[in-house]
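What follows is the residue order along each chain.
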There are 2 protein chains.
Amino acid sequence: MSEPKAPGEIAIIGLGLIGASLGLAMKSGGVTSKIAGYDTKSGAGRTAEKMGAVDRVASTPADAVSGASIVIVAVPIVNVREAFTAIAPHLSDGSAVTDTASTKAEVLRWAREILPAHVDFVGGHPMAGKETPGTEQAEASLFRGKPYCICPTIDASPGAIKAISGLAAVVGADPLFMEPDEHDQYAAAVSHMPLMASTALFSLIRSSGSWDDLGAVAGPGFKDMTRLASGDPALAMGIWRTNREALIHWLDRMIGELGRYREMLKDAQDEKLLEAFTEAQVQRDSFLLEPPVRVQESTEVPVDKGKALMDMLIGAKLADNLRRAMPPEPGEKLTKEEQAAPRISMADKVAEGVRRDLEKLEAERAAKDAATDAEKPPE
Amino acid sequence: MSEPKAPGEIAIIGLGLIGASLGLAMKSGGVTSKIAGYDTKSGAGRTAEKMGAVDRVASTPADAVSGASIVIVAVPIVNVREAFTAIAPHLSDGSAVTDTASTKAEVLRWAREILPAHVDFVGGHPMAGKETPGTEQAEASLFRGKPYCICPTIDASPGAIKAISGLAAVVGADPLFMEPDEHDQYAAAVSHMPLMASTALFSLIRSSGSWDDLGAVAGPGFKDMTRLASGDPALAMGIWRTNREALIHWLDRMIGELGRYREMLKDAQDEKLLEAFTEAQVQRDSFLLEPPVRVQESTEVPVDKGKALMDMLIGAKLADNLRRAMPPEPGEKLTKEEQAAPRISMADKVAEGVRRDLEKLEAERAAKDAATDAEKPPE
């Protein structure tokens, strides 16, 4: 009996917080495919391997990506071009390439310019992170329940798009498809402008002549509001270099909004201010309880919750079983039992399905081994 | 042998998040004095009692404060005047009265106007809280390691000042003495303006026509930056009604700082922006590691780490023992053993000292009881 063909590896280029967390999250999500990792800092590779985020540390980008079915470029945006250039000559035919950078329009232009035509690029941006960068900070749960924006190139194959959205689902995130320009506008509003406001707030207070008193008095509210100011400045620079116009637009709107509040204060329009604060409180609570669900526009590529990723990595049969463990598609009928069952997240179901299937496979294999042993003549 | 005179009760007026947390924190800090609580909502009283935050629920403000040595008014600032008016006729001679409201200058004016001359008012403001109000949310650890601003009235007695700073220390906070106007300026910078910026940010994004997309894409950064927008609007209104000028001043400065960043972006002064972000990152990290320590101006009332509170509540002997469990005063010499001992927080030491002393007292009492029993003739 011939060995089944080993599925392609997954390669992660860049083993910082995001890269190493993706490795850990894929492992804990049930991905059994081998993961190769590369980082320009060799210490990051060793740490990631020790944590179990990667199975092997590659010595060059070429070594990491050759033979890989899926390549994840998880470097700060300022290094994405360079990483694309380093891997481009070594990518396998038909492999799916993705990234994790904070802006998407520019990254998709670089992909078109640098990556070979025989690979499919599907941009990605997990809306997750911590202000403390570094491999040591990686966590398998970093992406759980977080949005994961997916921006395919126009000519990306359905298989590649499904593989990358499957990756997002496997690490516990919610895949959201969008156009790159649309992504950059949204990210400017809810991520890049708040980052700048957080940094501006900290700088303003820190540079005050009364800092020794202000810092001593500052409580948890100030700490939360300035958390983003502790982020990696190189990451921030990558953002404003690739999303300048949108960021300026949203900064202007924020300045306008603060001015509007200031005028209400000055004119003692306390009832109007109270209305604004009450509305914000009510709306934010309802946002936390029930965040808006983006209506996915009908697309030629149906989102099938990771089947393609599974197909590429663990074989079609197992992937089919996994899909059955997933929540139903819209329109799919649920049995009464299914309706009554407690809702668990997609990622939990994936992990649960993988565990069940692996257990079954192992039991089958053990039974077969036992049968083979029984057939063997005693030595 | 006569019973030792029971020390005066502590009264808490207002059993929301702050009031109930103070009760829990005093209990877990080793305060053995009885705590009476009052809230206009009777449900809050029952909840606080069930949680162990108060020993008895008073049916009126008068019932709560009569006979109390220490009275804590823990109501939102919009209700402070009303609470002062309700308790004023019933306060005991020489009792210490404090509050927990977010601004201090106005509160001290109300205290002077409403409270009787035979009590001492010492304003307080614990820089702690959560965006989720309510008795159920109370936690004994809410104040641990947080700044606790203390603003005595000019004529407050040294004993009352010491009692309230001792209260701050007992709940695990760091007491910081300051002038009321000074407090309000500082709080406007690090607390009130950030609260307004957080609310403005949420309103701005929530009112966008693209909210369904923005909300779906928003990650943890946006959630942190808008946390304060979920706070109680009535609390916010109390703040701007009593600290309007300082708040406008700091809003103007924040608008100016955002404008400065905007100009750097627009003029592509990327190096200068990178410098600002790098400086903010470095400074914030050092702020978290080693927050500035406010140099307490020499005052006629030496801060003696809660001795007066202890004296009032648990008797001078126990308080003396407690004081010995405290970290040394600046200038005090440490023995080699003391220097080598691991540093534990003041609150931990208080709790530890109280435990040790109570154990000793109980052992002594048990020994005495045993001796008394032995002397008794058999029945």
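Because the structure is a prediction, the values reported are computed rather than measured.

K.L.:
Explain the pattern of salt bridges to me, and be specific about the residues and the numbers.
P.N.:
Pairs can form between side chains of opposite charge whenever their charged atoms are close. Tallied over the entire structure, the rule returns 28 salt bridges over all chains. Measuring nitrogen to oxygen at the nearest pair gives 3.0 Å for the salt bridge that ties Arg 241 of chain A to Asp 270 of chain B. Linking Arg 241 of chain A in helix α10 (residues 233-242) with Asp 270 of chain B in helix α12 (residues 270-289), this pair reaches from one chain into another. In this structure, the salt-bridge partner of Glu 263 of chain B is Arg 262 of chain B, at a minimum N-O distance of 3.3 Å.

K.L.:
Which residues make up the relation of the copies chain A and chain B, and what values do they have?
P.N.:
Note on the copies: chain A fits chain B at an RMSD of 0.0 Å, the axial shift is 0.0 Å, and the rotation between them is 180°. Taken together, the turn and the small shift mark the pair as related by a two-fold rotation axis. Comparing contact sets, 100% of the residues at the interface of chain A also lie at the interface in chain B, consistent with an isologous, same-surface contact.

K.L.:
Which residues make up the packing of α10 of chain A against α12 of chain B, and what values go with them?
P.N.:
Following both chains from N to C, one finds α10 of chain A and α12 of chain B inclined at 145°, their axes separated by 9 Å at the closest point. In the packing of α10 of chain A onto α12 of chain B, the handedness of the crossing is right-handed. For the pair α10 of chain A and α12 of chain B, contact is made by Pro 233, Ala 234, Ala 236, Met 237, Trp 240 and Arg 241 of chain A and by Asp 270, Glu 271, Leu 273, Leu 274, Phe 277, Thr 278 and Gln 281 of chain B, respectively. When grouped by side-chain class, the residues that make up the contact of α10 of chain A with α12 of chain B number eight nonpolar, two polar and three charged.

K.L.:
I'd like a rundown of the packing of aromatic side chains, residues and numbers included.
P.N.:
Following the criterion strictly, the structure yields 16 aromatic pairs over all chains and no others. With centroids separated by 4.9 Å and ring planes inclined at 50°, the aromatic side chains of Phe 277 of chain A and Trp 240 of chain B adopt a geometry described as tilted. Placement of the pair is Phe 277 of chain A in helix α12 (residues 270-289) and Trp 240 of chain B in helix α10 (residues 233-242), with the two residues belonging to separate chains. Accessibility assignment for this pair places Phe 277 of chain A and Trp 240 of chain B in one class, buried. Aromatic side chains Phe 287 of chain A and Phe 202 of chain B sit 6.2 Å apart centroid to centroid with 45° between the ring planes, which places their arrangement in the tilted category.

K.L.:
Can you lay out the interface of chain A and chain B for me, pointing to particular residues and giving the numbers?
P.N.:
The partner chain B presents 86 residues to the 86 residues of chain A that form the contact. Each partner contributes to the roughly 8500 Å² buried at the junction of chain A and chain B, and carbon and sulfur atoms together form 72% of this total. Counting across the interface, chain A meets chain B through 10 salt bridges. Between the two partners, chain A and chain B, sit 28 residue pairs in polar contact (both at pLDDT 80 or more). Within the residue set of the side of chain A that touches chain B, elements represented by two or more residues are β7 (147-152), α7 (180-206), α8 (211-217), α9 (220-225), α10, α11 (244-266) and α12 of chain A.

K.L.:
Could you give an account of the environment of Arg 56 of chain A, naming the residues involved and the relevant values?
P.N.:
Residues and elements named next belong to chain A. Within the secondary structure, Arg 56 is located in strand β3 (residues 56-57). The spacing of Arg 56 and Arg 46 is 10 residues in sequence and 9.1 Å in space, taken between C-alpha atoms. If we ignore the near neighbours within four places in the chain, the residues touching Arg 56 are Glu 9, Ile 35, Ala 36, Gly 37, Glu 49, Asp 63 and Ala 64. At 3.1 Å, the side chain of Arg 56 forms a polar contact with the side chain of Glu 9.

K.L.:
Can you lay out helix α1 (residues 17-28) of chain B for me, pointing to particular residues and giving the numbers?
P.N.:
All names here are of chain B. With 12 residues, α1 should cover 16 Å at 1.5 Å per step; its first-to-last C-alpha distance of 16 Å lies within 8% of that length. In terms of residue burial, α1 counts as a mostly covered element, since 10 of its 12 residues are buried. Among all positions of α1, only Leu 17, Ile 18, Gly 19, Ala 20, Ser 21, Leu 22, Gly 23, Leu 24, Ala 25 and Met 26 are buried. Once α1 ends, the next one or two residues include Gly 30, with phi positive near 100°.

K.L.:
Which residues make up the pairing of strand β2 (residues 35-38) of chain B, and what values go with them?
P.N.:
Residues and elements named next belong to chain B. The alternating pattern of β2 places Ile 35 and Gly 37 on one face and Ala 36 and Tyr 38 on the opposite face, and all of these are buried. Looking at chain direction, strand β1 (residues 9-13) and β2 are connected through four bridges and run parallel. Paired with Ile 12 across the two strands is Gly 37, which belongs to β2. Each parallel crossover has a hand, and for β1 linked through α1 to β2 it is right-handed. In this sheet, strand β3 (residues 56-57) lies alongside β2 in parallel orientation, the contact comprising two bridges. By the bridge assignment, Ala 36 is partnered in β3 with Arg 56. Traced from β2 through helix α2 (residues 42-51) to β3, the parallel crossover comes out right-handed.

K.L.:
How would you summarise the nonpolar core if you had to cite specific residues and measurements?
P.N.:
Core analysis: the biggest nonpolar cluster contains 149 residues, and Val 71, Phe 84 and Trp 240 of chain A together with Val 71 and Phe 84 of chain B have the highest contact counts within it. Here Trp 240 of chain A is in contact with Met 196 and Leu 247 of chain A together with Leu 265, Asp 270, Leu 273, Leu 274 and Phe 277 of chain B, once residues within four sequence places are set aside.

What counts as what
Residues numbered from 1 in each chain as written. Chains lettered and ligands numbered in written order. Predicted model: local features only at pLDDT ≥ 70, side-chain atom pairs only at ≥ 80, totals over all residues. Heavy atoms only, no water. Salt bridge = Lys/Arg side-chain N within 4 Å of Asp/Glu carboxyl O. Helix = DSSP H or I, 4+ residues; strand = E, 2+ residues; numbered from the N terminus. Least-squares fit on C-alpha atoms with pLDDT ≥ 70 in both. Contact = heavy atoms within 4.5 Å. Axes fitted to C-alpha atoms, helices over the stretch in contact; angles between N-to-C directions. Left-handed = near helix turned anticlockwise from the far one by under 90°. Nonpolar A, V, L, I, M, F, W, Y, C, P; charged D, E, K, R; others polar. Phe/Tyr/Trp six-rings, centres within 6.5 Å; stacked < 30°, edge-to-face > 60°. Buried < 20%, exposed > 50% of the residue type's maximum accessible area, 1.4 Å probe, protein only. Buried area = accessible area lost by both parts, 1.4 Å probe. Polar contact = N/O pair within 3.5 Å; in protein donor to acceptor, adjacent residues only side chain to side chain. Expected span 1.5 Å × (residues − 1). Pairing = 2+ DSSP bridges. Right-handed = clockwise from strand over helix to strand, strands pointing away. Core = buried A, V, L, I, M, F, W, Y, C linked by side-chain atoms within 4.5 Å.

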